[in-house]
Protein chains: 4
Amino acid sequence: MVAIENKSPGKDISADDLATKFPLVARKTGRQKSRFTVAGVEFGGDLVPVFAGPNMVENEQLIVTTAKAVKKAGAQFLRGGAFKPLTFPYRSPKYNETREDGLRWLAVAKKEAGIGIITEVMEERFIDKVAEVADILQIGSRNMQNFPFLTACARAGKPLMLKRHFGCSLRDWLGAAEYLLVEGNEKVILCERGVVAPHTHRDSSRFLIDLQVVPAAQEVTHLPVAVDPSHATFWRPWVAPMALASIAAGADAIMIEVHPDPTNAAVDPLQPVDFEAFDDIMRRMDTVARAVGRRILA
Amino acid sequence: MVAIENKSPGKDISADDLATKFPLVARKTGRQKSRFTVAGVEFGGDLVPVFAGPNMVENEQLIVTTAKAVKKAGAQFLRGGAFKPLTFPYRSPKYNETREDGLRWLAVAKKEAGIGIITEVMEERFIDKVAEVADILQIGSRNMQNFPFLTACARAGKPLMLKRHFGCSLRDWLGAAEYLLVEGNEKVILCERGVVAPHTHRDSSRFLIDLQVVPAAQEVTHLPVAVDPSHATFWRPWVAPMALASIAAGADAIMIEVHPDPTNAAVDPLQPVDFEAFDDIMRRMDTVARAVGRRILA
Amino acid sequence: MVAIENKSPGKDISADDLATKFPLVARKTGRQKSRFTVAGVEFGGDLVPVFAGPNMVENEQLIVTTAKAVKKAGAQFLRGGAFKPLTFPYRSPKYNETREDGLRWLAVAKKEAGIGIITEVMEERFIDKVAEVADILQIGSRNMQNFPFLTACARAGKPLMLKRHFGCSLRDWLGAAEYLLVEGNEKVILCERGVVAPHTHRDSSRFLIDLQVVPAAQEVTHLPVAVDPSHATFWRPWVAPMALASIAAGADAIMIEVHPDPTNAAVDPLQPVDFEAFDDIMRRMDTVARAVGRRILA
Amino acid sequence: MVAIENKSPGKDISADDLATKFPLVARKTGRQKSRFTVAGVEFGGDLVPVFAGPNMVENEQLIVTTAKAVKKAGAQFLRGGAFKPLTFPYRSPKYNETREDGLRWLAVAKKEAGIGIITEVMEERFIDKVAEVADILQIGSRNMQNFPFLTACARAGKPLMLKRHFGCSLRDWLGAAEYLLVEGNEKVILCERGVVAPHTHRDSSRFLIDLQVVPAAQEVTHLPVAVDPSHATFWRPWVAPMALASIAAGADAIMIEVHPDPTNAAVDPLQPVDFEAFDDIMRRMDTVARAVGRRILA
């Protein structure tokens, strides 16, 4: 297979791109859509699976409580970071990367709540450990173009969720996904989580949610496209409207940050919603989903 | 009233902005929302009014036919440009700014279809002529910060729709709206129509639709916030998903470009939908609207 | 002449654009460059003319003093706003649009200092009045696509400076310039003044200076390209390095905000430099200019 | 040391950022500037070192010839990629990542031309091999926030050049640099190489060069700030003006892509300059450098 790298790229995804740069990621027919099952939950079908939980696995009790609450509200997967990317090398005592402890607590939550687990893996050397607990390995935004790491993740043989880098185009994103599929791993979910833009409407909102990318991606790829309105907006009051909009735009999965006590969350306390708000969002998302021929709740 | 201009602006809308820069536009209480009636249609309530029609009033037959079709599908207002901003001073014979002819054809369509009219006014000297036909004067994106023109439009005493400039912040936009309200004109609708961004997913899509601005604007202003997914996306297949997403995000009105024969439209043939597609979008928008406690159809 | 508006625009300036959208603005040969004289100063040659002065014509004494100081330092034109665009309809008592008074003071400064005048015109009804005093009419960023106004300015028969809108592409900008040339007005200067971008490095710096546009514009147009590093950066310490960089990049003119008492300037006090700093910048710009085969000082 | 991650970040670099997020990277006094020597060449002083060479180490002859040519023209370091990030997993036969072969050829070029070497390292497992040949390890844009990799590079004990990610802020960049300094590695060079932006003036130019970041970075950090106008512009005719502008803006080092036969370069043939053009740019950069109190040539 022959492909030319970055010559006169433009933004348009060309027929040549589809044929030679990401042929495995590309749709073959107008309506082709990947369907696959993870932990008994089907992706790519009528159901829109939901990943919910805190930014960080702060402690065992918090994560178990949250797992039960989001499961009860209808989420199929618990999200929560044990390994965390940190913009600066120092961290507050509160911001405690829990690593192996966090993984162990996720395993407890998984068992006690009977829920799937999605969590970020940050380094090749931890892939196996994370894969023991996680049903889906999340590849974070900042690793989207860490190409050797993509290959290593794909080879772990677990389902993967590839977050879009906040500075990358759809074309770059599909190129990164091709690195996963080329290794024979076909259970790949894309996830939009906000992009850099001139105006984001609040100083605390570093990104702009890009919902246009949902139909744009679905036009060219068969992979399911998730949206994470919590990280995209960084602002609690906008999470519900943007979650509903994501469903209406055709998102194939949704990730929402949920914390039992949002204002005291160890990280990013401006964005998580509490259990009650999450329960309400789930019901409203279900109503919108049914309006567009999908569903959130059983 | 005292206000400092553009000193350390930031992107956050501060309490000081609300109090001194756009006090009339600012919400007074958490849930305050303007409600007003235009041509018998209420804005700011449960109904989400729809503006539909061609980019350009090409000829009488086209505009009358379209008026009847969009009215039948449930739209309350016919949109269509008689006066058109042109990026370049030359135009194709096809791209024929119809001006007074266009206004006359709009008047015919209004009468024959029994539909409200929204159309752009481009220059102060035409305000009165346009106001004779239009129920709502549309102030285009490029005139958003044409301050003397804003004042002149406001003084015409007609309801106004202020499109957001594609390079302007929410704060700039609300500042422009304040120019309208300060003249005593309270029937003002804001309209998002896409912003410049690093990635828009297609070469032909010059803008990125910003749905985050819907809750962001509603957080600080009582004015209704419309969305125009046709001009925002510039790409027909994305219009329906973005229209549905706009409704789910809480948009208070929707503008959609409709043309009897889209691929032969005199301008921007990549974005309008035909009558059948519009009818389908209306039904689907109504279903989503009802899921969020609003409605499109009676 | 036939041109298609905004169909699959892209960002590339195509041969078709040059031939049909802005043929008068387009370079005919590889090295063709407009040369014209304004108030005895040649544009488009080895000399890089400098426009300097305060943001606002605050009072007669300030403007006369500044005119003499910048003239002495080598500037050929005094800049200063009598008419000012205001983002919000209210202004502080300090921020006093001086209008006719300001024009009268500019006339005094012109006479007393023997310096050319460049000042912004904001509305068609004031063009004649401004043209009585100004040697160059400045069309502000926000009016770049106010097409009827462009035509009116061009017909005034005075040299024009067209500032680039902060959200507009080079292609849009050249289209706006074509509106001026098509009226037979050939003394047109383009001026870059910063664009919206995801990161501008300071909250108070709303724009990012785009120096890439200098060679990009010169590649396709024969018109002189000026840069205004003061409005682009909004931050005094960056004005000198960006002014020097503009010269090195090939800028054909430079606009710098100068105020006798910067921190007490009535508007935007973070960006002007004082007389001493301006004198220093002029000498340093001259040294750089000579290194690239141009000159600032006689 | 305690720091809060990403809470209400804003774009401004605050006193708290300087004190707690990147204290080692932060300037201690107004004029403090790091000075250090790499392969006998001083960084941070009057001399502005130049890195020059092809995008890719295509073969031994090409790299040796280029090394001699750029050395003769005055460059102190040969650049050239043996390991290459690829947006897509397939490559043309022409685009041949040479890896260990490439390193060996760089070693030959170093010896034959007597020139320093800077080359990108892509993975932790190759750091030692690359460090055997390279005088400076280049950390590519896409790895700027690959935090474990940053730590591993810093521990190699070699001088480092950290390219800015095209979607990242100055604050993010300085945070990444702090990961290097906290390991005790003090020979760190920052390098701007273009950012994502709404308009880049050509379809083939994916980035906009950000020269404003040069004074912005120097305002807060003592580290040398390099600029790479070749990768920033992606367009040969803009390389010389942007290189000159970088020098005038105060850049502390310059990286330029040079190829003996640019139009036949294996990668990105639109951006490299040939030997003759490079020689000319070096002389012109020296003239500009001397105008601002620096120098390029001995």
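Residues numbered from 1 in each chain as written. Chains lettered and ligands numbered in written order. Predicted model: local features only at pLDDT ≥ 70, side-chain atom pairs only at ≥ 80, totals over all residues.

K.L.:
Sorry if this is basic, but what is going on with the overall build of chain A here?
P.N.:
When its secondary structure is counted, chain A shows 10 helices and 10 strands. Overall size of chain A, expressed as C-alpha extent along the three principal axes, is 50 × 45 × 40 Å. Across the 298 residues of chain A, 62% fall into the buried class. Counting only contacts in chain A whose residues sit at least 6 apart along the sequence, the fraction spanning at least 24 positions is 68%. (Helix = DSSP H or I, 4+ residues; strand = E, 2+ residues; numbered from the N terminus. Buried ≥ 20, exposed ≤ 12 C-beta atoms within 10 Å, placed from the backbone. Contact = placed C-beta atoms within 7 Å.)

K.L.:
Whenever I open this one, the sheet that holds strand E5 (residues 116-120) of chain A confuses me. Can you help?
P.N.:
Picture the strands of a sheet paired through backbone hydrogen bonds; they go either parallel or antiparallel. Residues and elements named next belong to chain A. The eight strands are arranged E3-E4-E5-E6-E7-E8-E9-E10 in a closed barrel whose pairing can be described as parallel. The sheet shows a mean angle of 25° between the axes of neighbouring strands, direction not considered. Strand direction decides the pairing type here: strand E6 (residues 136-139) and strand E7 (residues 160-163), joined by three bridges, are parallel. Looking at the pairing, Ile139 lines up with Leu162 of E7. Strand contacts of helix H9 (residues 236-249): strand E9 (225-227) and strand E10 (253-257), with the helix running at about 170° to E10, the strand carrying the most contacts. (Pairing = 2+ DSSP bridges. Axes fitted to C-alpha atoms, helices over the stretch in contact; angles between N-to-C directions.)

K.L.:
Is there a simple way to explain the interface of chain B and chain A in this structure?
P.N.:
When the parts of a complex come together, some accessible area is lost, and that lost area is often taken as the interface size. In this assembly, 40 residues from chain B lie in contact with 39 residues from chain A. At the level of elements, helix H7 (213-220), helix H9 (236-249) and helix H10 (275-291) of chain B are the ones that each hand at least two residues to the side of chain B that touches chain A. Ranked by the residues each element gives to the side of chain B that touches chain A, the list is headed by H9(B), at nine residues. For the side of chain B that touches chain A, the residue count by class is 24 nonpolar, nine polar and seven charged. (Nonpolar A, V, L, I, M, F, W, Y, C, P; charged D, E, K, R; others polar.)

K.L.:
What am I meant to see in the confidence of the model for chain A here?
P.N.:
Low pLDDT marks stretches whose predicted atomic positions should not be read closely. For chain A, the mean per-residue pLDDT works out to 93, and 95% of the residues sit at or above 70. Across residues 1-10 of chain A, where pLDDT falls below 50, the model places 28 contacts with residues more than four positions away in sequence or in other chains. (pLDDT = per-residue confidence, 0-100.)

K.L.:
I keep staring at the relation of the copies chain B and chain A and nothing clicks. Help me out?
P.N.:
There are two copies of the chain, and a rotation about an axis plus a shift along that axis relates them. Between chain B and chain A, the superposition needs a rotation of 180° and an axial shift of 0.0 Å, giving an RMSD of 0.0 Å. Here the symmetry operator amounts to a two-fold rotation axis. Taking C-alpha positions as the reference, the residue of chain B nearest the rotation axis is Ala245(B), at 2.0 Å. Of all interface residues in chain B, 98% are interface residues in chain A too; the two copies therefore contact each other through one and the same surface. (Least-squares fit on C-alpha atoms with pLDDT ≥ 70 in both.)

K.L.:
Which parts of the structure should I look at to understand the environment of Ala217(C)?
P.N.:
Residue and element names in this part refer to chain C. Relative to the assigned elements, Ala217 resides in helix H7 (residues 213-220). Remark: the alpha-carbon pair of Ala217 and Trp173, spanning 44 residues in sequence, is separated by 9.5 Å. Beyond its immediate stretch of four places on either side in the chain, Ala217 contacts Leu170, Leu190 and Val225.

K.L.:
Explanation requested: the environment of Leu18(A) in the structure shown.
P.N.:
All names here are of chain A. Summarising the element assignment, Leu18 is placed in helix H1 (residues 15-21). Taking the C-alpha atoms as reference points, Leu18 and Val220, separated by 202 residues in sequence, lie 7.8 Å from one another. Once residues lying within four places of it in the same chain are set aside, the contact partners of Leu18 are Ile13, Pro23, Ala26 and Val220.

K.L.:
Would you take a moment to explain the pairing of strand E5 (residues 116-120) of chain B for this structure?
P.N.:
In the case of a regular strand, side chains alternate between the two sheet surfaces. All names here are of chain B. Counting buried positions along E5 yields five of five residues, so the element is predominantly enclosed. Across the two faces of E5 the burial is the same, with Gly116, Ile118 and Glu120 and Ile117 and Thr119 all buried. In this sheet, E5 lies alongside strand E4 (residues 77-79) in parallel orientation, the contact comprising three bridges. Across the sheet, residue Arg79 finds its bridge partner in E5, namely Ile118. Note: E5 against strand E6 (residues 136-139), three bridges, orientation parallel. Bridge pairing in E6 places Glu120 opposite Gln138.

K.L.:
Help me understand the packing of H9(B) against H10(B), please; the structure alone is not making it clear to me.
P.N.:
Two quantities define a packed helix pair, namely the angle between the axes and the distance from one axis to the other. All names here are of chain B. Axis separation between H9 and H10 bottoms out at 9 Å; the angle between their running directions is 25°. Between H9 and H10, the angle is such that the two are roughly parallel. Two packed elements cross with a definite hand, and for H9 against H10 that hand is right-handed. Facing Ala240, Ala243, Leu244, Ile247 and Ala248 of H9, the residues of H10 in contact are Ile281, Arg284, Met285, Val288 and Ala289. For the contact of H9 with H10, the class distribution of residues is nine nonpolar, no polar and one charged. (Parallel < 35°, antiparallel > 145°, perpendicular 65-115°, else oblique. Left-handed = near helix turned anticlockwise from the far one by under 90°.)

K.L.:
Would you mind going over the sheet that holds strand E5 (residues 116-120) of chain D with me for this structure?
P.N.:
Residue and element names in this part refer to chain D. One closed barrel holds the eight strands; their spatial order is E3-E4-E5-E6-E7-E8-E9-E10, and the pairing between them is parallel. Strand-to-strand twist in this sheet, taken as the mean axis angle between neighbours without regard to direction, amounts to 25°. In the packing of helix H9 (residues 236-249) onto the sheet, contacts are made with strand E9 (225-227) and strand E10 (253-257), and the angle to E10 comes to roughly 170°.

K.L.:
Teacher, can you tell me more about helix H7 (residues 213-220) of chain D here?
P.N.:
The element H7(D) is extensively covered by neighbouring structure, given that six of its eight residues are classed as buried. Those residues of H7(D) not exposed but buried are Val213(D), Val214(D), Pro215(D), Ala216(D), Ala217(D) and Gln218(D). As for H7(D), its buried residues are in contact with helix H9 (236-249) of chain C together with helix H6 (170-181), strand E8 (188-192), E9 and H9 of chain D.

K.L.:
How should I be thinking about the packing of H9(C) against H9(D) in this particular structure?
P.N.:
Between H9(C) and H9(D), whose axes approach to 7 Å, the crossing angle comes to 155°. On the basis of their axis angle, the class for H9(C) and H9(D) is roughly antiparallel. Seen from above, H9(C) lies across H9(D) with right-handed handedness. Mapping the contact onto sequence places Pro241(C), Met242(C), Leu244(C), Ala245(C), Ile247(C), Ala248(C) and Ala249(C) in H9(C) and Pro241(D), Met242(D), Leu244(D), Ala245(D), Ile247(D), Ala248(D) and Ala249(D) in H9(D). Residues belonging to the contact of H9(C) with H9(D) are distributed by class as follows: 14 nonpolar, no polar and no charged.

K.L.:
Help me understand unusual backbone geometry, please; the structure alone is not making it clear to me.
P.N.:
Both trends apply: most residues other than glycine have a negative phi, and most peptide bonds are in trans. Unlike most non-glycine residues, Phe234(A) shows phi in positive territory, near 60°. One can find Phe234(A) in the loop between helix H8 (229-233) and H9. The residue Asp268(B) is not glycine, and still its phi comes out positive at about 45°.

K.L.:
Teacher, can you tell me more about the environment of Ala75(B) here?
P.N.:
All names here are of chain B. Relative to the assigned elements, Ala75 resides in the loop between helix H2 (60-73) and E4. Given 27 C-beta atoms within 10 Å, Ala75 falls into the buried group. The spacing of Ala75 and Phe278 is 203 residues in sequence and 9.7 Å in space, taken between C-alpha atoms. Apart from residues lying up to four places away in sequence, Ala75 is in contact with Val50, Phe51, Ala52 and Val70.

K.L.:
It is not clear to me how the pairing of strand E8 (residues 188-192) of chain A should be interpreted in this structure. Could you clarify?
P.N.:
Residue and element names in this part refer to chain A. The buried fraction of E8 amounts to five of the five residues, a majority that puts the element mostly inside the structure. Side chains Val188, Leu190 and Glu192 project from E8 onto one buried face, and the interleaved Ile189 and Cys191 project onto a second face that is buried too. Where E7 lies against E8, four bridges are found, and the strand directions are parallel. Looking at E8, one finds that Leu162 is bridged to Leu190. As paired elements, E8 and E9 share three bridges and run parallel to each other. Paired with Glu192 across the strands is Val227, a residue of E9. What joins E8 to E9 is helix H7 (residues 213-220), and the crossover it makes is right-handed. (Right-handed = clockwise from strand over helix to strand, strands pointing away.)

K.L.:
Hey, could you run me through helix H6 (residues 170-181) of chain C in this one?
P.N.:
Note: α-helices contain 3.6 residues per turn, so residues at a spacing of three or four share the same orientation. Residues and elements named next belong to chain C. With 12 residues, H6 should reach 16 Å at 1.5 Å per residue; the first-to-last C-alpha distance of 16 Å fits that figure. H6 sits mainly inside the fold: 12 of its 12 residues count as buried. Among all positions of H6, only Leu170, Arg171, Asp172, Trp173, Leu174, Gly175, Ala176, Ala177, Glu178, Tyr179, Leu180 and Leu181 are buried. (Expected span 1.5 Å × (residues − 1).)

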